[in-house]
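Take a look at the letters that make up each chain.
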Amino acid sequence: MTYALITGGSRGIGRAICCQLANMGYNILVNYKGNRAAAEETVQLVTSLGQQAEALAFDVADADAVRAVLGAWQAAHPEDKIEVLVNNAGIREDTLMMSMTDAQWNSVLDTSLGGMYTVTKQVLNNMLLARFGRIVNIVSLSGLKGMPGQVNYSAAKAGMIGATKALAQEIAKRNITVNAVAPGFIKTDMTEELNEKELAKLIPAQRFGTAEEVAAVVGFLVSKQAGYITGQVISVNGGLYA
Ligand code: NDP
């Protein structure tokens, strides 16, 4: 069977991507860190769309855990392949640089950038052998323009963008595309405490986006029709200047 692995698939944008890719016929591996109930809810949603789904708990920032849990799944499923990887897991720890702690810097970098490195390495060899694959990295407007109060997050997402462009060039000849999707303000748990009414005034579309609007772009990049698009960053931000 053919699977798509979505890191941070239990909630928000990741969950919407799980449903989008299930609608495209993929079976889904729903990675999550600690929220088992939410992950099981995503599994149910995918199942109700007619595809197989499995929740896989591991912290993408913990390389040993990634190798142990994902490696065990791969060993137990020699006939199945992970054709699509969406590196979506991410956290924010916003504060001004002058008051940022090492822990705030490291946790954000280790989750987004470190997680992308470790999880991608774990699935890449099989994509190379299959001579087909799709990798989509969920970055951010912050990684393109930089956001005050988000030096750590902006660095993590900008790092992912550089890695996307480099890896795309390494593996394009094997029919594996690597792209990034850069959301602006999207309505999820991550943005729950933001003042949407005030911030919407700054957004040309005058509203936050939905997780489904991000997932639709991921779906297109994963589709066979998008095979000649690689190393790109596609913004989904309601017209905010990037
Ligand atoms: P949410 O906070 O709603 O969900 C975060 C998801 O990531 C959860 O599924 C969570 O799992 C998982 N996760 C967090 N840390 C880890 C970890 N160390 N290992 C594995 N899974 C982890 O976030 P969003 O849906 O809003 O964001 C998804 C992605 O989109 C992130 O990379 C974010 O940076 C990016 N983004 C979001 C924007 C927005 O406005 N919302 C804007 C731009 C980019 P669990 O449920 O177990 O906690």
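Since the model is a prediction, treat every value here as computed from it, not as a measurement.

What counts, and at which threshold
Residues numbered from 1 in each chain as written. Predicted model: local features only at pLDDT ≥ 70, side-chain atom pairs only at ≥ 80, totals over all residues. Heavy atoms only, no water. Phe/Tyr/Trp six-rings, centres within 6.5 Å; stacked < 30°, edge-to-face > 60°. Helix = DSSP H or I, 4+ residues; strand = E, 2+ residues; numbered from the N terminus. Buried < 20%, exposed > 50% of the residue type's maximum accessible area, 1.4 Å probe, protein only. Core = buried A, V, L, I, M, F, W, Y, C linked by side-chain atoms within 4.5 Å. Contact = heavy atoms within 4.5 Å. Expected span 1.5 Å × (residues − 1). Arc of directions from axis to C-beta. Pairing = 2+ DSSP bridges. Axes fitted to C-alpha atoms, helices over the stretch in contact; angles between N-to-C directions. Right-handed = clockwise from strand over helix to strand, strands pointing away. Patch = residues over 30% accessible without salt bridge, like charges linked within 9 Å, V, L, I, M, F, W, Y side chains within 5 Å. Areas by Shrake-Rupley, 256 points an atom, 1.4 Å probe, with all protein chains shown as cover. Salt bridge = Lys/Arg side-chain N within 4 Å of Asp/Glu carboxyl O.

Caption draft 1: Region of the structure containing the packing of aromatic side chains. The tally for this structure, following the rule as stated, stands at two aromatic pairs. Between Tyr-3 and Trp-73 the ring centres are 5.0 Å apart and the planes differ by 80°, which places this aromatic pair in the edge-to-face class. Taken together, the positions of Tyr-3 in strand β1 (residues 2-6) and Trp-73 in helix α3 (residues 63-76) put the pair 70 residues apart, joining distant regions of the chain. Assessed through its relative accessible area of 4%, Trp-73 is described here as buried. An angle of 15° between the planes, with centres 5.2 Å apart, marks the rings of Phe-185 and Phe-208 as stacked. One end of the pair, Phe-185, is in the loop between β6 (176-183) and α7 (196-200); the other, Phe-208, is in the loop between α7 and α8 (211-222), and 23 residues separate them in sequence. Phe-208 carries the same exposure label as Phe-185, and that label is buried.

Caption draft 2: Looking closely at the nonpolar core. Of all hydrophobic cores here, the largest spans 28 residues; its most connected members are Ile-17, Leu-21, Ile-28 and Val-86. The set of elements that each furnish at least two residues to this core consists of β1, α1 (12-23), β2 (27-32), α2 (36-48), β4 (81-87), β5 (133-138) and α8. Ignoring any residue separated from it by four or fewer positions in sequence, one finds Val-86 in contact with Leu-5, Ile-6, Thr-7, Ile-17, Leu-21, Val-136, Ile-138 and Val-218. Membership of the second largest hydrophobic core comes to 24 residues, among which are Leu-5, Leu-70, Val-123 and Leu-128.

Caption draft 3: How the structure looks around α8. Look at α8: 17 Å from first C-alpha to last across 12 residues, which is about the 16 Å you get at 1.5 Å a residue. Residues Ala-211, Val-214, Ala-215, Val-218, Gly-219, Leu-221 and Val-222 constitute the buried set of α8. All buried residues of α8 lie within an arc of 165° about the axis, which places them on one face of the element. Along its buried surface, α8 packs onto α1, β4, β5, β6 and β7 (233-236).

Caption draft 4: Just the sheet that holds β1, in detail. Judged by pairing direction, the sheet is parallel, and its seven strands sit side by side in the order β3-β2-β1-β4-β5-β6-β7 without closing on themselves. Either end of the sheet is taken by a strand with one partner, and the two such strands are β3 (53-57) and β7. The sheet shows a mean angle of 20° between the axes of neighbouring strands, direction not considered. Of the strands in this sheet, β1, β4, β5 and β6 are in contact with helix α4 (residues 102-130), which crosses β4 at around 155°.

Caption draft 5: Quick peek at the pairing of β5. Most of β5 sits out of view: six of its six residues are buried. Taking every second residue as pointing to the same face, both faces of β5 are buried, with Gly-133, Ile-135 and Asn-137 on one and Arg-134, Val-136 and Ile-138 on the other. Two elements, β4 and β5, share four bridges in a ladder whose sense is parallel. In the sheet register, Asn-87 faces β5, and the bridge partner there is Asn-137. Of the crossover connections in this fold, the one passing from β4 over α4 to the parallel β5 is right-handed. Taken together, the six bridges between β5 and β6 define a ladder with parallel strand orientation.

Caption draft 6: Molecular detail of α3. Taking 1.5 Å of rise per residue, 14 residues should cover 20 Å, and α3 covers 19 Å from first to last C-alpha, within 8% of that figure. Here α3 has its buried residues at Ala-65, Val-66, Leu-70, Gly-71, Trp-73 and Gln-74. Of the surrounding elements, those touching the buried residues of α3 are β1, β2, β3, β4 and α4.

Caption draft 7: Spatial organisation of a nonpolar patch on the surface. Where nonpolar side chains cluster on the molecular surface, the patch consists of Met-97, Trp-105 and Val-151 and spans about 270 Å² of accessible area. Turning to its location among the elements, Trp-105 is positioned in helix α4.

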